[in-house]
Amino acid sequence: MIARNPAFDNLAAGYLFPEIGKRRRAYAAAHPDAAIISLGIGNTTEPLTPHITAAMADYVRGLGTAEGYSGYGDDSAGEPPLRERIAAVLYDGLVSADEVFVSDGAKCDVGRIQQLFGSQVSVAVQDPAYPVYVDGSVMVGAAGKTPATAAGYQDIVYMPCLPENDFFPDLSVVKPDSLIYFCSPNNPTGAVATRAQLQQLVDFARKNGCIIIFDSAYSAFIRDESLPKSIFQVEGARECAIEINSFSKPAGFTGVRLGWTIVPKELKFADGTPVQAPWSRIINTFFNGASNIAQAGGLAALDPEGVQEMRQLTDFYLENAAIIKRALEGENFRATGVEVYGQGNAPYLWVRFPGRKSWDMFDRILDECHVVTTPGSGFGPAGESFIRFSSFGHRAAVEEACRRLANLKL
């Protein structure tokens with residue numbers, strides 16, 4: 001018999017979100033009358049907006065005609081009008097259309113991107129971090145060669161991002177020639193890097209031969225105009241960074257599936273060859289392009305009407321976050337030293353319960369309030385004692401969850 005890829009033996013047990021689902025189902029089975037509300041996984045909840053929905057519906061109707069039918073696209077990197085509009089509307093010309101690679105979502109691209117660098121590259125991640133950065137590295141053999149400990153995988157460099165360092169890491173711990181995963185606005189902390197911080201990151205990467213994988217999937221939530229939405233707003237980033245983004249959160253496309261990756265022409269490997277060429281090969285070899293229907297929706301989302309709808313949708317979730325923040329800053333929480341972090345530029349709140357274990361607090365909130373959250377330790381060692389609260393929910397459910405949280409016994 002053929003043995004499985006040994007890299008899978010190195011994965012730490014249990015991916016975070018299935019574990020949350022497992023615990024929720026077990027609790028619901030034991031307490032069938034509990035009306036559970038989720039402030040946990042970052043899945044959007046509000047309906048797709050009218051202009052975007054109409055464009056997809058029209059496209060589907062067209063598929064039922066000889067004139068409107070479409071099969072495979074000419075290029076797996078995406079339909080040219082969509083690539084052009086992403087470059088123009090979202091990047092204001094900072095990137096060109098032929099540097100935009102449309103995909104079926106940011107998470108999918110993050111998982112694929114490691115194939116560019118193989119099993120020998122050193123990896124550094126923000127801590128806490130979205131789990132796919134680490135798990136994807138382990139699956140290709142770039143990490144997990146030595147046993148994992150409570151502090152994480154020994155051959156991944158964890159860059160702690162804590163309130164004590166303003167959620168921006170000490171880059172001096174990163175090895176030269178590393179792949180650096182960096183997310184802003186950050187999932188799970190909600191922190192947004194300033195222009196000066198991103199310039200520091202870019203300068204470090206250029207000096208030390210590193211490549212930054214910049215996850216900007218939550219950039220549409222940034223309301224402070226002084227904060228960069230793209231790494232390419234920072235001088236020198238085109239020589240050291242890849243940016244990944246998505247329509248999932250701003251347009252509600254979590255189920256529709258549509259994202260993109262920017263690979264600048266200036267980005268080179270150590271031998272001087274462009275990174276863009278093998279990325280194009282990966283896309284054309286393993287991927288036949290995003291759904292034509294989804295791309296029609298993405299094109300409409302970047303019309304003036306679509307941009308306005310996405311702004312209203314992200315405003316709604318930011319208002320939810322403000323409601324949750326007020327509840328978590330109530331007297332019940334303040335009196336026990338609970339710390340609430342949220343700048344108003346992301347759909348997540350990052351909350352520290354000093355002296356408490358994350359999974360213990362997850363279970364306690366579920367048991368006492370019937371509210372699902374996300375334990376911070378699932379995002380990395382520095383997430384211990386934190387809980388992530390998500391603002392993705394219907395308004396009435398969010399308000400009811402906040403009423404319940406006010407009665408949490410701490």
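Residues numbered from 1 in each chain as written. Predicted model: local features only at pLDDT ≥ 70, side-chain atom pairs only at ≥ 80, totals over all residues. Heavy atoms only, no water.

Caption draft 1: Seen up close, the packing of aromatic side chains. All chains considered together, the criterion is met by 19 aromatic pairs. Consider the rings of phenylalanine 117 and phenylalanine 269, whose centres lie 6.2 Å apart with planes at 65°: the pair is edge-to-face. Of this pair, phenylalanine 117 sits in the loop between helix H4 (106-113) and strand S3 (122-127) while phenylalanine 269 sits in the loop between strand S10 (259-262) and helix H8 (276-286); the two residues are 152 residues apart in sequence, bridging distant segments of the chain. A ring pair is formed by tyrosine 130 and tyrosine 133, whose centres lie 6.0 Å apart and whose planes are at 75°; its orientation type is edge-to-face. Accessibility classification places tyrosine 130 together with tyrosine 133 in one group, the buried group. (Phe/Tyr/Trp six-rings, centres within 6.5 Å; stacked < 30°, edge-to-face > 60°. Helix = DSSP H or I, 4+ residues; strand = E, 2+ residues; numbered from the N terminus. Buried < 20%, exposed > 50% of the residue type's maximum accessible area, 1.4 Å probe, protein only.)

Caption draft 2: Looking closely at the side chain of glutamine 126. Structurally, the position occupied by glutamine 126 is in strand S3. The class for glutamine 126 is buried, based on a relative accessible area of 3%. Within the local environment of glutamine 126, its side chain forms a polar contact with the backbone nitrogen of cysteine 183, the two atoms lying 2.6 Å apart. Side-chain polar atoms of glutamine 126 contact the side chain of asparagine 186, separated by 3.4 Å. (Polar contact = N/O pair within 3.5 Å; in protein donor to acceptor, adjacent residues only side chain to side chain.)

Caption draft 3: Molecular detail of the sheet that holds strand S6 (residues 156-160). If you walk across this open sheet you meet the 7 strands as S2-S10-S9-S8-S7-S3-S6, and the pairing is mixed. Looking along the sheet, the strands with just one partner apiece sit at the ends: strand S2 (100-103) and S6. Strand after strand, the sheet turns through a mean of 20° between neighbouring axes, direction not considered. In this sheet, S10 lies alongside S2 in antiparallel orientation, the contact comprising 4 bridges. Its bridge partner lying in S10, valine 102 is registered against tryptophan 260. (Pairing = 2+ DSSP bridges. Axes fitted to C-alpha atoms, helices over the stretch in contact; angles between N-to-C directions.)

Caption draft 4: Seen up close, helix H5 (residues 131-139). Counting buried residues along H5, 8 of its 9 residues qualify, which places the element largely inside the surrounding structure. Taken together, the buried positions of H5 are Pro131, Val132, Tyr133, Val134, Asp135, Gly136, Ser137 and Val138. Positive phi shows up at glycine 141, right after H5, with a value of about 90°.

Caption draft 5: Seen up close, the pairing of strand S8 (residues 211-215). With respect to burial, S8 is a largely interior element, 5 of its 5 residues being buried. The alternating pattern of S8 places Ile211, Ile213 and Asp215 on one face and Ile212 and Phe214 on the opposite face, and all of these are buried. Here strand S7 (residues 178-183) pairs with S8 via 5 bridges, running parallel. Across the sheet, residue tyrosine 181 finds its bridge partner in S8, namely isoleucine 213. After leaving S7, the chain enters helix H6 (residues 195-208) and then returns to the sheet as S8, a path that is right-handed. Pairing analysis gives 4 bridges linking S8 to strand S9 (residues 241-246), with the strands arranged parallel. Residue phenylalanine 214 lies in a different strand from S9, and its bridge partner there is glutamate 243. (Right-handed = clockwise from strand over helix to strand, strands pointing away.)

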